[in-house]
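A look at the structure
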Amino acid sequence: MASNLLCSCHRIHRAGRVVTRLYERAIADSGSGLTPQQFAVLAALAEAEAMTASELTEVVGADRSTLTRALERLDASGLVAGAPGTDRRERRFSVTAAGRAEFEVAVAGWRRAEGAMRRAMGPDKVAQLWDLLEEAEAATSTYVRKAV
């Protein structure tokens, strides 16, 4: 690798692309038409009764525009439904019966991808990776708020 690319941002982004491809293929092979981002949205909504886009942004960890696109596609496919919230400006989204069914199909692929990660790295290293990523996210989000 070129020495000018030896930075945390590049390494995380590069690993993220490869891991994302693993999950994309596994979820697609399950027969689901979901992307990993859409899967994450459905997973969050499957646990909650209903959530606003702002709440989903926080839970899923996506930026607002990415989440909005995912919600639009899921809504157009009939997998989620939006309803007015307590504030007229907000909408609360919930997973539909069709969305739960699609999510359950995708879970099989997700489990295969998660199993592949654990087999490739070992469960202890996967747990360590999660801890390090959580620490990196917390550390850099605090730093970014202070200004670069």
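This text follows the structure it describes.
Since the structure is predicted, the reported quantities are computational estimates derived from the model, not experimental observations.

**Here's the deal with the sheet that holds strand 1 (residues 51–52)**
Taken together, the three strands give an open sheet; going across it, the order is 1-3-2, and neighbouring strands pair in antiparallel fashion. The open sheet has two edge strands, strand 1 and strand 2 (80–84), and neither has a second partner. Summarising the sheet, strand 1 and strand 3 (residues 91–95) pair through two bridges and their orientation is antiparallel. Among the inter-strand pairings, Thr52 is bridged to a residue of strand 3, identified as Arg92. Of the strands in this sheet, strand 2 and strand 3 touch helix 4 (residues 64–76), which is tilted by about 105 degrees from strand 2.

**Considering a positive patch on the surface**
Positive charge collects at one region of the surface, where Arg11, Arg14, Arg17, Arg21 and Arg25 lie side by side. Within the secondary structure layout, Arg17 lies in helix 1 (residues 8–29). Using a relative accessible area of 38% as the deciding quantity, one classes Arg17 as partly exposed.

**Section: the pairing of strand 3**
In this structure, strand 2 lies alongside strand 3, joined through five bridges in antiparallel fashion. Paired with Val80 across the two strands is Val95, which belongs to strand 3. Following strand 2, the chain reverses through six residues before pairing antiparallel with strand 3.

**Notes on the side chain of Thr57**
Take Thr57: it is sitting in helix 3 (residues 53–60). Residue contacts for Thr57: discarding those within four places in its chain leaves Ala62, Asp63, Arg64 and Leu67.

**As for the packing of helix 2 (residues 36–47) against helix 5 (residues 97–121)**
In a packed pair of helices, the relevant descriptors are the angle between the two axes and the axis-to-axis distance. It is at 10 Å that the axes of helix 2 and helix 5 come closest, and there the two elements cross at 120 degrees. Relative to helix 5, helix 2 is oriented oblique. Crossing of helix 2 against helix 5: the hand is left-handed. Touching Phe39, Leu42, Ala43, Leu45 and Ala46 of helix 2 are Gly99, Arg100, Phe103, Ala106, Val107 and Trp110, all from helix 5. For the contact of helix 2 with helix 5, the class distribution of residues is nine nonpolar, one polar and one charged.

**Concerning the state of the cysteines**
Applying the stated criterion across every chain, the model contains zero disulfides. The closest cysteine sulfur to the non-disulfide-bonded Cys7 is located on Cys9, 5.2 Å from its own sulfur.

**As for the nonpolar core**
When a protein is soluble and globular, its nonpolar side chains tend to lie buried together. Core analysis: the biggest nonpolar cluster contains 22 residues, and Val41, Leu45, Leu56 and Leu71 have the highest contact counts within it. Of all the elements in the fold, those that place two or more residues in this core are helix 2, helix 3, helix 4, strand 3 and helix 5. By residue number, the principal contributor to this core is helix 2, which donates five residues. If near-sequence neighbours (up to four positions away) are discounted, Leu45 is found in contact with Met51, Leu56, Val80, Phe93, Ser94, Val95 and Arg100.

The rules we used
Residues numbered from 1 in each chain as written. Predicted model: local features only at pLDDT ≥ 70, side-chain atom pairs only at ≥ 80, totals over all residues. Heavy atoms only, no water. Pairing = 2+ DSSP bridges. Helix = DSSP H or I, 4+ residues; strand = E, 2+ residues; numbered from the N terminus. Contact = heavy atoms within 4.5 Å. Axes fitted to C-alpha atoms, helices over the stretch in contact; angles between N-to-C directions. Patch = residues over 30% accessible without salt bridge, like charges linked within 9 Å, V, L, I, M, F, W, Y side chains within 5 Å. Areas by Shrake-Rupley, 256 points an atom, 1.4 Å probe, with all protein chains shown as cover. Salt bridge = Lys/Arg side-chain N within 4 Å of Asp/Glu carboxyl O. Lys, Arg positive; Asp, Glu negative; His and termini not counted. Charge placed at Lys NZ, Arg CZ, Asp CG, Glu CD. Buried < 20%, exposed > 50% of the residue type's maximum accessible area, 1.4 Å probe, protein only. Parallel < 35°, antiparallel > 145°, perpendicular 65-115°, else oblique. Left-handed = near helix turned anticlockwise from the far one by under 90°. Nonpolar A, V, L, I, M, F, W, Y, C, P; charged D, E, K, R; others polar. Disulfide = S-S within 2.5 Å. Core = buried A, V, L, I, M, F, W, Y, C linked by side-chain atoms within 4.5 Å.

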